[in-house]
Structure formats: structure tokens, C-alpha cells
Amino acid sequence: MLPTGAPGFELRDVSLKVRQGAIYGFLGPNGAGKTTTIQLLLGLLRPQGGSISVLGRQVPLELPRILGATGYIPERPHLYPFLTVAQAIRFHGAFYRGFDWAYAEELRRGFDLRGEAKLARLSKGEMGKLHVLLVLAQRPELLVLDEPTDGLDPVVRRDGLSALLDFCSQGAATVFISSHLVHELERICDWIGVLDRGRLVAELPMHAFKNGIKRIRLDHAPSLIGDTPFLLVSRQQSALDQVWVVRGWQPTMVQWFQGAGAKVKEIVDLDLEEGFVELLRGARTPTS
Amino acid sequence: MFRHIDPRSPIPLYVQIANRLRVAVATGEVVPATPLPSVRQLAAEIRVNPATVVQAYRELERDGIVESRQGAGTFVRELAEPKRASERQREARRLVRALVAQASGLALTREDLEHAWKNETGGRS
């Protein structure tokens, strides 16, 4: 995709590939362009160049069919506040041919939402649950969730996540979740894509991301490096030692350090959040 | 039962889930013929990708800890004592390995650990 967003902001070099049936976590700091990317995917913005295909169909040419099979929760969702929960369900459901009314009712009960409650009176958490209910009851092929849990308390997040996973267990829906809350995605995503300042800096299976990226504590780290068997993400001098963050690490690579006269003191696994931070650090600063 | 599943650990989630069940079976915490929760139930309950649960169950089946019966679900198998003992040993070694790694990272010695063990377990074996 080579689109342009607002003046002064650009997405460039974004080649996203989301496999069918995956739960794909789209990570990035605020302002990276995640929402812009989603808007492009769903035809809410037009690209200047490149191509976009969703569910095997071209955007914007076949947009109605795509949107009919997609459940979308935007960052700031809007429903008419004067409707009741029951009315909102009927209103939303009317747009979708395969809307599962029984499932909607089951979810409403599970989420403890009163049908007669006016939307204006619902708490943030209840609204969040209602949005999850509406998109799941569509029984969509694709779910696009833009920062779905932001601002919601942990209990609501868990309930929403459980319902989402329950839905995923039932079929082969593809889920695309954008978030800067890395910890939640860590449990459920099997793919991640990292966006930073309008560029996709990484896209890989979750296990590859987590296994391959390590923090290495060193003494006498070489200052000049030629080819490395791993990918060097960043180098830092801390109070006690040198710290390198690398990708594509294999245990045998310790020998490379030994050959360079360095001593490997510790190899630390990074969790998704740390890996994400290090990846961004590496993407933003030259390491040579 | 799965309270300690840690997505931040380098150990893949499906391995953590499978190991937890393995130990539960080996120690008798979960008895033979107990049905495991469905993939759907467990995924929603512990909030992990259903594919992760599928992988965990598959691994347990491959190792002969559980068996899946068409249409009925997945059930814990009866394990002979030698197998149960080896599974317990495996888990114990895993715990000790983690402890030793952490201790050596802090330059604690074996004596330090043995001393602490005695104190913590009050002399019981």
C-alpha cells in the first residue's frame, strides 16, 4: 500500500499480509498509522498507490461484499444514544443477512446487558461489550478491531476477550486487532505486525518473534562489527556492561562473540512488550 | 488450574498448558477418564488462542497422556506408575533447572540453595 493520510502524514512501505484464520495483532505506538491503515483496508480512505485486497476481493471495487462479511469496531464507535440495547441490536442486525439473532441474545445475557437500557445510560464497559456483541452476532469472516479494549477495565476486557475467543473457536474467522496494549495480544495472537511512523517494520508469527529476539549482556563487546550471524537490533552501554538486542538468535552464536573477544554474561528472553520496544528502538536508530 | 500460564515466558503457551496437565495427571490431581474441557471452553476461560489449546491437546495425545474419542471429547488416560513417575521427574527437573539458572545468574552457590531449602522446608524431606 502506498497511501497518503492527512497532509504531513504518510503511510509508506506497508506490505501487510494477513493469513486466513489468523489472529493478527497489529502493534505500534500511538501515531504510527494503525487507524489509517485500517481505514484504508475498509475503504474509508483512498490510497494514492498500491493495491488492497481483503477476503480475496479488491478494495474499493468490491467493498460492499467485503463490508458485509466484516465486523468492524472502530476506535471511537458511534451508536445513536437514544436507542435501547434491544433497538441497537435490531438496527445493526438489519444490515447483515446472516445476523444470528439467537447468538446476539445469548451474548446479551452473558454480558449482562438489559435490553431496555438506553445507550446514553450505559457505562463505557457496557458499551464496549455491546459493540463486541454486535460484531460477533454478524458471524463475520473477518473481524477488524481498532484499539478495542482501550479505556476499559480489566473485567470488561476479559469478558470481551473470552467472547471473542469463543467465537473464534467456532469457526475460521480471521481477526485483525490493532493495539498498543501489548500484554493482551500476547496471549491470543498468532501473528504480529509492527507499524512505526508509517512503516511496517516487522511481520512474523508470534512464536518466531518471541523466540528469536534476545537481550545479550556482554563484557568487551566489539566496537566495530562486520557480518553478524544474527540481526543486530540495537546496542547500548549500561552502567555495568554492554547490552545488545538481537534477532534470529541461535545458541551456537555465542561462539561468534567469543571469537570477537567478548564475554557473554547473560542471554535474556524478551517478552512481547520488551521485544516490541527494542524493535522500535532498532528501527528508529542506525546501529552500524 | 491454569492460573500460572505466562504469555511472557519464552516457553510457548501450548507447552505450558500441556505441561500443567501432564503434571496434574502424573500426580493424580486429575484422575483417569476425566474429560478435558473442550477447546472452545478452555480457550475462552484462560483467554488464549483456540489454536494454542488445540496444539496442547494434540501434544498430550501424542505423548499418550490423553485420548480423544470421536464425538465424545478428550479424556485423561490411565497411566502406568513408571510413566507417571517419569512425568513427575520431568516437571521437577524443569523447576530445578529454572531455579539453578536464576541462582547462578545471581552467583548464589549450591550451599546457599541447600541452606535455604532446609530453612524453608523446616527440615522435612
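Residues numbered from 1 in each chain as written. Chains lettered and ligands numbered in written order. Predicted model: local features only at pLDDT ≥ 70, side-chain atom pairs only at ≥ 80, totals over all residues.

**Things to note about the overall build of chain A**
What counts, and what does not: Helical segments are the DSSP runs of H or I of at least four residues, strand segments are the runs of E of at least two, and each set is numbered from the N terminus. Comment: burial labels come from other C-beta atoms within 10 Å of the residue's own C-beta, placed from the backbone, where a count of 20 or more is buried, 12 or fewer is exposed, and between is partly exposed. C-beta atoms are first placed from the backbone for all residues, and any pair lying within 7 Å is then listed as a contact.
For chain A, the count of helices and strands is 10 helices and 12 strands. On the principal axes, the C-alpha backbone points of chain A span a range of 70 × 40 × 35 Å. Across the 288 residues of chain A, 38% fall into the buried class. Of the contacts made within chain A by residues no fewer than 6 positions apart, 75% connect residues no fewer than 24 positions apart.

**Re the interface of chain B and chain A**
Put simply, the rule reads: Ten residues, namely Ala, Val, Leu, Ile, Met, Phe, Trp, Tyr, Cys and Pro, are considered nonpolar, four, namely Asp, Glu, Lys and Arg, are considered charged, and the remaining ones, Gly among them, are considered polar.
Taken together, the contact pairs 14 residues of chain B with 19 residues of chain A. If you list the elements that add at least two residues to the side of chain B that touches chain A, you get α2 (39-46) and α3 (50-62) of chain B. For the side of chain B that touches chain A, the element with the most residues is α2(B), which contributes 4 residues. A per-class count over the side of chain B that touches chain A returns 9 nonpolar, 2 polar and 3 charged.

**Things to note about the pairing of strand β11 (residues 242-247) of chain A**
All names here are of chain A. Put simply, the rule reads: Strands are treated as partners if at least two bridges between them are detected by DSSP.
Where strand β9 (residues 214-219) and β11 come together, 5 bridges link them in antiparallel fashion. Each residue of the ladder has a partner; that of Lys-214, found in β11, is Val-246. The sheet contact formed by strand β10 (residues 231-237) and β11 spans 6 bridges and is antiparallel. Counted as the bridge partner of Gln-237 is Gln-242 from β11. Two successive antiparallel strands, β10 and β11, enclose a turn made up of 4 residues.

**Description of the confidence of the model for chain B**
Condition: Along the chain, pLDDT gives the predictor's confidence residue by residue, from 0 to 100.
Per-residue pLDDT for chain B averages 88, and the proportion of residues at 70 or more is 98%. Taken over the whole predicted complex, pTM reads 0.83, whereas the ipTM for its chain interfaces reads 0.76.

**Some words on the pairing of strand β1 (residues 23-27) of chain A**
All names here are of chain A. A large share of β1 lies buried, amounting to 5 of its 5 residues. Because side chains alternate across β1, one face comprises the buried residues Ile-23, Gly-25 and Leu-27, and the other comprises Tyr-24 and Phe-26, equally buried. In this structure, β1 lies alongside strand β6 (residues 174-179), joined through 5 bridges in parallel fashion. Bridging from a neighbouring strand, Leu-27 pairs with Ser-179 of β6.

**Observations regarding the confidence of the model for chain A**
Per-residue pLDDT for chain A has a mean of 87; in total, 95% of the residues score no lower than 70. Long-range and interchain partners of residues 2-8 of chain A, a stretch whose pLDDT sits below 50, account for 18 contacts in this model, where long-range means more than four residues apart.

**Examining the sheet that holds strand β12 (residues 263-269) of chain A**
Residues and elements named next belong to chain A. Spelled out, the test is: In this analysis, axes come from line fits to C-alpha atoms, helices being fitted only over the stretch in contact, and the angle between any two N-to-C directions falls in the range 0 to 180 degrees.
Here 4 strands make up an open sheet; going across it, the order is β10-β11-β9-β12 and the pairing antiparallel. Of all strands in the sheet, those with a lone pairing partner are β10 and β12, marking the two edges. The mean angle between the axes of side-by-side strands here comes to 25°, regardless of whether they run parallel or antiparallel. Relative to β12, β9 runs antiparallel, the two sharing 6 bridges. Bridge pairing in β12 places Lys-214 opposite Asp-269. Each of β10 and β11 touches helix α10 (residues 272-284); the most contacted strand, β10, lies at about 90° to it.

**Topic: α3(B)**
Spelled out, the test is: Here a helix's expected span is defined as the number of its residues, less one, multiplied by 1.5 Å.
An ideal rise of 1.5 Å per residue puts 18 Å on 13 residues; α3(B) measures up with 18 Å between its terminal C-alpha atoms. Where α3(B) is buried, its residues touch α6 (154-170) of chain A together with α1 (13-26), α2, β1 (66-69) and β2 (73-76) of chain B. Just past α3(B), the residue Gly64(B) takes up positive phi, approximately 75°.

**Some remarks on the domain arrangement of chain B**
One frequently used descriptor of interface size is the decrease in accessible area upon assembly of the parts. Residues and elements named next belong to chain B. Where we set the bar: Start and end points for every domain follow an automatic or database-based domain assignment.
Under the domain assignment used here, chain B contains domain 1 (13-76) and domain 2 (81-121). The gap between the C-alpha centroids of domain 1 and domain 2 is 26 Å. Its residues assigned to classes, the side of domain 1 that touches domain 2 comprises 2 nonpolar, 2 polar and 1 charged.

**A few points about the packing of α6(A) against α2(B)**
Which entries qualify depends on this criterion: Note that the term roughly parallel is reserved for angles under 35 degrees, roughly antiparallel for angles over 145, roughly perpendicular for angles of 65 to 115, and oblique for everything else. By convention, the crossing between two helices is left-handed when the near helix turns anticlockwise from the far helix through less than a right angle, and right-handed when the turn is clockwise.
Where α6(A) contacts α2(B), the axes come no closer than 8 Å and their chain directions differ by 155°. With respect to their mutual orientation, α6(A) and α2(B) come out roughly antiparallel. The two elements α6(A) and α2(B) cross, and the hand of that crossing is right-handed. In this structure, α6(A) contributes Ser162(A), Leu165(A), Asp166(A), Ser169(A) and Gln170(A) to the contact, and α2(B) contributes Val39(B), Arg40(B), Ala43(B) and Ala44(B). When its residues are assigned to classes, the contact of α6(A) with α2(B) shows 4 nonpolar, 3 polar and 2 charged.

**Structural notes on the environment of Leu107(A)**
Residue and element names in this part refer to chain A. Tracing the backbone through its elements, the reader meets Leu-107 in helix α4 (residues 101-110). Overall, the presence of 22 C-beta atoms within 10 Å leaves Leu-107 in the buried class. Taking the C-alpha atoms as reference, Leu-107 lies 9.1 Å from Leu-134; in sequence the two are 27 residues apart. With residues near it in sequence (within four places) discarded, Leu-107 still touches Leu-133, Leu-136, Ala-137 and Ala-163.

**Quick notes on the environment of Ala51(B)**
Tracing the backbone shows Ala51(B) in helix α3. For the pair Ala51(B) and Arg40(B), spaced 11 residues apart in the sequence, the C-alpha separation amounts to 9.9 Å.

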